[in-house]
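Chain residues, written in single-letter form:
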Amino acid sequence: MKDYKGYLFDIDGTIVLGDVLIPGAKEKIEELRKCGKKIGFYTNNSSKNPKSYIEKFTKLGIETELKEIITAGGVLADYLKNSCKDKKIFMVGTKDYKNYCKDLEIQIFDENDEFDFSEIDIVVVTLDSELNYKKLEIACKLLHRNVEYLAANEDLVYPVEDGVFLPDCRAICNIIELCTKKIPKYFGKPKKAMLDYALRNLNLLKDEVVIVGDRLYTDIASGYINGCDTILVLTGEAKRDSKSVYNPTYILDSIADI
């Protein structure tokens, strides 16, 4: 295997399952750091404030810093802050993520706010573990007016403990699509914007890093489409015999085998 300067690790299914560390993950990250490698935590999870991951990893015994936390939610928020200034946004998302956007002075509205539908410029959907029918109803009504439609990531599901998979952002968008026939612009893996954001944060070039993940259509596709090496691990969604047009550079049983 090539000697890379940096490693972009997916989180769910690669480092953890729910709140449980995958065996050997913590030790491998510590080993790579001791060898002088740069580490990025490269996740499509858009339900959390990136700072929440620092707290989560600290509890798991993994030390990290904010620039290493690269999330689809962070990439989307960066776009909203810099390219959608003065726009009013209805967001389907968790309280944690909405507060993160509000701290960046992005104008966020949700189902608990009073607003005129004609005031809303953009509908944004993220992974929302607090999803309710009211959020879906408002999003569908707004999209009927042909407002701009953005979403964090294209993952259908995410893995947790005991082999269980839960609905992710694209699963929510699929519900909305059935009602509105509208498809959002996505920002997370495998989009180039996500990889570019990670490389800027870590001050690396794409031929200096490898993307490590458990999902072919996001993690491996992120590298395949954008010219970056990849490692598929078999601790999450993909299996060794899974078929995809996105072929990994390497296949390993676990992060511990790097």
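Residues numbered from 1 in each chain as written. Predicted model: local features only at pLDDT ≥ 70, side-chain atom pairs only at ≥ 80, totals over all residues. Heavy atoms only, no water.

Colleague: Residue-level account of helix 1 (residues 25–34), with values.
Modeller: Considered for burial, the residues of helix 1 that qualify are Ala25, Lys28, Ile29 and Leu32. Summarising the axial view, the buried residues of helix 1 lie within an arc of 100°, below the 170-degree limit, and thus occupy one face. Looking at the buried side of helix 1, the elements it contacts are strand 1 (6–9), strand 3 (20–21) and strand 4 (38–43). Looking one or two places after helix 1, you find glycine 36, whose phi comes out positive at around 85°. (Buried < 20%, exposed > 50% of the residue type's maximum accessible area, 1.4 Å probe, protein only. Helix = DSSP H or I, 4+ residues; strand = E, 2+ residues; numbered from the N terminus. Arc of directions from axis to C-beta. Contact = heavy atoms within 4.5 Å.)

Colleague: Account for the sheet that holds strand 4, naming residues and giving values.
Modeller: Pairing is parallel in the open sheet, where six strands are placed in the order 5-4-1-13-14-15. Two strands bound the open sheet, and with one partner strand each, they are strand 5 (69–71) and strand 15 (250–252). On average, each strand axis in the sheet is inclined to that of its neighbour by 25°, with strand direction left out of account. Note that strand 1 and strand 4 share four bridges and pair parallel. Looking across to strand 4, one finds that glycine 6 is bridged to lysine 38. Sheet strands in contact with helix 3 (residues 72–83) are strand 4 and strand 5, and its direction is about 75° off that of strand 5. The sheet strands contacting helix 7 (residues 192–202) are strand 1, strand 4, strand 5 and strand 13 (209–213), and the helix crosses strand 4 at an angle near 150°. (Pairing = 2+ DSSP bridges. Axes fitted to C-alpha atoms, helices over the stretch in contact; angles between N-to-C directions.)

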